[in-house]
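# Breakdown of the fold
Chain by chain, the residues run as shown.
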Amino acid sequence: MDFVLSIWNAFPEWVQTVLVILIKIVAILLPLILAVAYTTYAERKVIGYMQVRMGPNRVGPKGWLQPIADVVKLMFKEVILPNKSSRFVFYLAPVLALAPAFVAWSVMPFQAQMVLADINVGLLFILAITSLDVFGIILAGWASNSKYAILSAMRAGAQVVSYEIAMGFALVGVLMAAGTMNLSGIVEAQSGGITHWFVWPLIGLFLVYFISGVAETNRAPFDVAEGESEIVAGFHVEYSGMAFALFFLAEYANMLLISALAAILFFGGWLSPFQGVDFLTELPFIGVLLGNGIHWLLLKTAFFIFLYLWFRATFPRYRYDQIMRLGWKILIPVTLVWIFGLGIAIALGWQPWLS
Amino acid sequence: MGFEQIIFYLLSAVLLASAVSMVTVRNPVYAALFLILAFFNSAALWVMLEAEFLGVVLILVYVGAVMVLFLFVIMMLDINIDVMREGFIKYLPVGLLVAVVVAAEMVMVLTNKSLHIPKPTPQPADYNNTEVLGEQLYTYYVYPFEIAAVILLVAIIAAITLTHRKRPPSTKSQNPSDQVKVKSTDRVRIVKMKSESTGGD
């Protein structure tokens, strides 16, 4: 141990800083990629059981190794470059889709003090970074030199840009209630047990946020970007192998991000619902589990992921003009009215949420 | 040379290179991509100047919204690059003149003694410039801010009235409010009748 420490101290200070940051990034990204892999497994299992079938159950016990098998298969597949496509942009697009999905996790607070970059414009940063997701889709559609791909890119681009507005307004409500854009600050503003969470005064904004979140990630029932029946598979129809896998990874990483944000912004993040109920949190052994901690954040995130899968198993796909109508004529007016009411409630000091 | 200076020169170099490529590159989609890169680097420079709110808003508004619409339009247009580059030599003198004037103005501003502002002292890490900016905008500058908002609203309405025209009646289109209001009795007529039997059982 001393030997390791002496090597560590031999580095100049800025090298140490960079190394610590790199280690933290790996500590966030590795579990994230694993979570993405097993979200695909959970999706196939959950939808399978909802449709009274088994889901994957051949590779490994109960099919647990299925995601690993999928990854190996995708890695050894050939990546085909279509004729007359723009080579550089074709390979750049999957990276542009994936990078924002990962970068947004840098400001995510997992627990008190457990955050990579504790910046004071955290919420705005997340909005800015998630608004870049659409470039991967648009450029993939353009670079593929395929009519199906470009049609899908147009649909997806218009859809994501429209729903970003509704989502932005929903987040404005959260920062008005919390009085800060720092994500840890938003969670701490909700401390005091389940009744203090922002979901109660902001229930309308939460619904708008989650609906737009589903639309932003191009998931069912808003998955017209990859409507298999009309435009074969959408913007990634020309992609194969690992290039396709990167789009897949980006979609699931974005789902996890939207779910984790829903937990943090509206459901108290790492805070326990039993906070303030002292006889429960002071119990031996289980008291630790019932108190605040990262496991509450993971549990809440898992619940929202389940909602995503549930939606996909039950809802039929929206028609494109209906999606646009829902976004512009229903969700945005709802958020505007709710923000106006919220301003009055804050001015009146509506306890216990808004002071 | 400190760590901060290395980052500054790196960002500035990429910013200048991408700005030059944006003008010179042949393909308009590549030009838009270089413009995005330039926006990113200038946002990073703003963050280095402790204007993190403005830096993030630059990415949110220009890269996340304006450039997406730009790319949309460029991708839909069938641009003939040769025709676009035809006037290059013809307009070169005018372009050079504008460039020289802008460069001369920048040199004059940068070398003028009366415009030299002393270097501001760095703020502590917990200084929140979003809050300060909001306070200034909504107290001292509330009227200019509101007037700017109204002018933008007028621009939006003007753009809509210019482009929105009634479709010719031959165009087939759906009316969503009719579709929402429709009832099953409008679409299906249930006819009660006796079952016909051929006596085959």
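Conventions we followed
- Residues numbered from 1 in each chain as written.
- Chains lettered and ligands numbered in written order.
- Predicted model: local features only at pLDDT ≥ 70, side-chain atom pairs only at ≥ 80, totals over all residues.
- Heavy atoms only, no water.
- UniProt positions renumbered as here; feature names shortened; annotations may be inferred.
- Helix = DSSP H or I, 4+ residues; strand = E, 2+ residues; numbered from the N terminus.
- Rg over C-alpha atoms; globule rule 2.2 N^0.38 Å.
- Buried < 20%, exposed > 50% of the residue type's maximum accessible area, 1.4 Å probe, protein only.
- Contact = heavy atoms within 4.5 Å.
- Salt bridge = Lys/Arg side-chain N within 4 Å of Asp/Glu carboxyl O.
- Polar contact = N/O pair within 3.5 Å; in protein donor to acceptor, adjacent residues only side chain to side chain.
- Nonpolar A, V, L, I, M, F, W, Y, C, P; charged D, E, K, R; others polar.
- Axes fitted to C-alpha atoms, helices over the stretch in contact; angles between N-to-C directions.
- Parallel < 35°, antiparallel > 145°, perpendicular 65-115°, else oblique.
- Left-handed = near helix turned anticlockwise from the far one by under 90°.

Per an unreviewed UniProt entry, chain B is named NADH-quinone oxidoreductase subunit J, and its organism is uncultured Thiotrichaceae bacterium. The heading Sequence similarities (unreviewed entry) in the UniProt record of chain B holds the text "Belongs to the complex I subunit 6 family." The Subcellular location (unreviewed entry) field of the UniProt record for chain B holds the comment "Cell membrane".

Per an unreviewed UniProt entry, chain A is named NADH-quinone oxidoreductase subunit H, and its organism is uncultured Thiotrichaceae bacterium. In its Sequence similarities (unreviewed entry) section, UniProt records this for chain A: "Belongs to the complex I subunit 1 family."

### Things to note about the overall build of chain B
Scanning chain B for helices and strands turns up nine helices and zero strands. In chain B, the order of α-helices and β-strands from amino to carboxyl end is α-α-α-α-α-α-α-α-α. Taken over C-alpha atoms, the radius of gyration comes to 29 Å for chain B, far larger than the 17 Å a tight globule of 201 residues would show. Projecting the C-alpha coordinates of chain B onto the three principal axes gives extents of approximately 110 × 50 × 40 Å. Scored against the burial criterion, the 201 residues of chain B give a buried share of 16%. Residue pairs in contact within chain B that sit at least 24 positions apart in sequence constitute 58% of those at least 6 positions apart.

### Quick look at the interface of chain B and chain A
If you look at the interface, chain B gives 29 residues, while chain A gives 26 residues. Counting every contact that joins chain B to chain A gives zero salt bridges. For the interface between chain B and chain A, the tally reads zero residue pairs in polar contact (both at pLDDT 80 or more). Contributing elements (two or more residues each) for the side of chain B that touches chain A: α2 (28-48), α3 (52-76) and α8 (176-181) of chain B. Take the side of chain B that touches chain A: its biggest share by element is 14 residues, from α3(B). A breakdown of the residues in the side of chain B that touches chain A according to their chemical character gives 21 nonpolar, seven polar and one charged.

### Observations regarding the packing of helix α2 (residues 13-50) of chain A against helix α14 (residues 294-314) of chain A
Residues and elements named next belong to chain A. Contact geometry for α2 and α14: axes closest at 10 Å, N-to-C directions at 45 degrees. Compared by their axis directions, α2 and α14 come out oblique. Note that α2 runs across α14; the crossing there is right-handed. Taken together, the residues of α14 that come into contact with α2 (itself represented by T39, A42, E43, V46, I47 and M50) are I305, F306, L309, W310, R312 and A313. When the residues that make up the contact of α2 with α14 are grouped by side-chain class, the tally is nine nonpolar, one polar and two charged.

### A short note on the UniProt feature "transmembrane region" (unreviewed entry) in chain B
All names here are of chain B. UniProt's entry tags residues 6-23, 30-49, 55-79, 91-110 and 140-162 with the feature "transmembrane region" (unreviewed entry), counted in the numbering of this structure. The distance from the first to the last C-alpha atom of residues 6-23 is 26 Å, and the span holds 100% helix and 0% strand. The annotated region residues 140-162 carries 91% helix and 0% strand content, and the separation between its end C-alpha atoms amounts to 35 Å.

### Considerations on the pattern of salt bridges
Residue and element names in this part refer to chain A. For the structure on display, the rule yields five salt bridges over all chains. A salt bridge links R44 to D70, with the shortest nitrogen-to-oxygen separation between them at 3.2 Å. Note that R44 is positioned in helix α2 and D70 in helix α3 (residues 66-75), a separation of 26 residues in sequence. Residue classification places R44 among the partly exposed residues on the basis of a relative accessible area of 38%. With a relative accessible area of 23%, D70 lands in the partly exposed category.

### Some details on the UniProt feature "transmembrane region" (unreviewed entry) in chain A
Mapped onto the present numbering, the UniProt feature "transmembrane region" (unreviewed entry) falls on residues 20-41, 88-107, 119-144, 165-187, 193-211, 252-271, 283-309 and 330-350 of chain A. Measuring from the first to the last C-alpha atom of residues 88-107 of chain A gives 30 Å, for a span that is 80% helix and 0% strand.

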